[in-house]
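One-letter residues, chain by chain:
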Amino acid sequence: MSEIYLDNSATTRVFPEAAALMAKIMTEEYGNPSSMHHKGVEAEMRIREARETVAKTLKADPKEILFTSCGTESDNLALIGCARANRRAGNHIITTPVEHPAVLRSMEQLMREGFEVTYLPVDRFGRIDPESLKDAVTDRTILVSIMHVNNEIGAIQPVARAASVVKGIRESILFHTDDVQGYGKVRLYPKKAQVDLLSASGHKIHGPKGIGFLYVAEGVKIEPVLYGGGQQNNRRSGTENVPGIAALALAASILSGHFDEDVKRLYELKKHFIEEVQKIEDIRINGVPLSGLSGNDASEIPSEDTPFDPSDLSRAALLFGAPHIISLSVRDVRAEVLLHALEDKGIYVSSGSACATHKKAFSDTLSSIGLEKPLLDSTIRLSMSVFTTKEEIDTTLEALHTLIPQLRRFRPR
Ligand code: PLP
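Thresholds, definitions, all that
- Residues numbered from 1 in each chain as written.
- Predicted model: local features only at pLDDT ≥ 70, side-chain atom pairs only at ≥ 80, totals over all residues.
- Heavy atoms only, no water.
- Pairing = 2+ DSSP bridges.
- Helix = DSSP H or I, 4+ residues; strand = E, 2+ residues; numbered from the N terminus.
- Domains from an automatic or database assignment.
- Contact = heavy atoms within 4.5 Å.
- Buried area = accessible area lost by both parts, 1.4 Å probe.
- Salt bridge = Lys/Arg side-chain N within 4 Å of Asp/Glu carboxyl O.
- Polar contact = N/O pair within 3.5 Å; in protein donor to acceptor, adjacent residues only side chain to side chain.
- Nonpolar A, V, L, I, M, F, W, Y, C, P; charged D, E, K, R; others polar.
- Phe/Tyr/Trp six-rings, centres within 6.5 Å; stacked < 30°, edge-to-face > 60°.
- Buried < 20%, exposed > 50% of the residue type's maximum accessible area, 1.4 Å probe, protein only.

### Some thoughts on the sheet that holds strand β13 (residues 379-383)
Sheets are built from strands paired through backbone hydrogen bonds, the pairs being either parallel or antiparallel.
Moving on, step 1. In spatial order, the strands read β9-β10-β13-β12; together these four strands make up an open sheet with antiparallel pairing. Every interior strand has two partners, whereas the edge strands, β9 (283-286) and β12 (350-351), have only one.
Moving on, step 2. Direction of pairing for β9 relative to strand β10 (residues 325-330): antiparallel, over a ladder of four bridges. Counted as the bridge partner of I283 is V330 from β10.

And the structure:
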């Protein structure tokens, strides 16, 4: 049985080129970048090149890229590091309830340290209203953190507009975005968007696990959360993961080499999937403002007179959210049951968000968008990648068309 992997928001298959580069560095160029001899200099060069490559994808300066061990560490460092470093300026932070636990749990830690946190509400597509920041910002606000792409439903937040509202109130308020799900899929240039800190992760972009980065705009103060040898300008101690850093950069540059074609193709697949899956009764697609979806209430949706053109990426983003994530609520079918029924056919999806699973709590994101209680436990996430094919999507659609009516026969009454 062939495998259809539709859980790319949980993690992705590493590009063979990136895996080969890692193996080469691990077995041949294994020096410690802090060593003063040739092996060290060679490793140091790998980091320098990687930093330049990553910076280029963000139109940033290489000095502004800090390598970390994962997206979680990037979020922790951005939030805890900035809050502590700027404590004298105030103790108020603003975020949203639909952030990843890496942000939400960092906020809880900061609250234990005496910071106050305001959570902005989101609409039923999972998006904040940037204007709501005007009321939320106070004299004590030092930091705002709003994710770019939501990991559970693929909603795209108006990050640039939100940052512009915040900076319009006070330039010195720092703006962080968790771009772990957006980097490589939905364009965001931090300087242009007035974003001071941006988190990303290697394993979501066909790089390895155990590597991430944090963009920190020049001049932004952060306190380290790791103390040790003072690597990376004292901001992140610990011997650098050279193979991971080089592989992350290679994966980022491969993706950016054909960004537009890939994203356009993913939007075509998403559109096709949504149209076809809607033919099943009582299905709801979450985080997609596009009208005409049977399970969705189309009344508040902007009218869309012009035909969809997937090559207009910003319009596609407005209508469809992120190109790669599809969140599906299937009435009267438990997500876990559907997940395993699909698994039996070799199709891998996730229930809610994989990073938050293994614990039985309803998702903050799904509750925040007002999903009815019975649907909270009936929501699966399919997430595509550059490797996903139309045939795989069609096979998955076929499986859903067969399985959902079958599973509904066993619904509890
Ligand atoms: N932020 C978001 C939005 C994510 O989706 C994830 C992982 O799924 C993370 C942060 C954490 O990234 P990592 O797995 O690299 O720690």
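### Considering the domain arrangement of the protein chain
Moving on, step 1. Domain assignment breaks the protein chain into domain 1 (4-11 + 258-409) and domain 2 (16-257).
Moving on, step 2. Relative to domain 2, the C-alpha centre of domain 1 lies at a distance of 27 Å.
Moving on, step 3. At the junction of the two partners, domain 1 supplies 40 residues and domain 2 supplies 33 residues.
Moving on, step 4. Summed over both sides, the interface between domain 1 and domain 2 buries roughly 3,000 Å², with carbon and sulfur atoms accounting for 54% of that surface.
Moving on, step 5. On the domain 1 side of the contact with domain 2, H258, F259 and T365 bury the most area, a combined 20% of that side's loss.
Moving on, step 6. Our enumeration of links across domain 1 and domain 2 arrives at one salt bridge.
Moving on, step 7. D260 serves as the salt-bridge partner of R187, at 3.1 Å between the closest nitrogen and oxygen.
Moving on, step 8. Applying the counting rule to domain 1 against domain 2 returns 16 residue pairs in polar contact (both at pLDDT 80 or more).
Moving on, step 9. Of all the secondary-structure elements, those providing two or more residues to the side of domain 1 that touches domain 2 are α9 (259-277), β9, α10 (313-320), β10 and α12 (364-368).
Moving on, step 10. With five residues, α9 is the largest single contributor of residues to the side of domain 1 that touches domain 2.
Moving on, step 11. Of the residues contributing to the side of domain 1 that touches domain 2, the split by class is 18 nonpolar, 14 polar and eight charged.

### Describing the packing of aromatic side chains
Moving on, step 1. Within the structure shown, the criterion is met by three aromatic pairs.
Moving on, step 2. With centroids separated by 5.9 Å and ring planes inclined at 65 degrees, the aromatic side chains of F15 and F387 adopt a geometry described as edge-to-face. Of this pair, F15 sits in the loop between β1 (4-5) and α1 (16-27) while F387 is found in the loop between β13 and α14 (390-408), placing the two residues 372 residues apart along the sequence.
Moving on, step 3. Overall, F387 belongs to the partly exposed group, its relative accessible area being 29%.
Moving on, step 4. Each ring, one from Y267 and one from F320, has its centre 6.5 Å from the other, and the planes form 55 degrees; the classification is tilted. Of this pair, Y267 sits in helix α9 while F320 sits in helix α10, and the two are 53 residues apart along the sequence.

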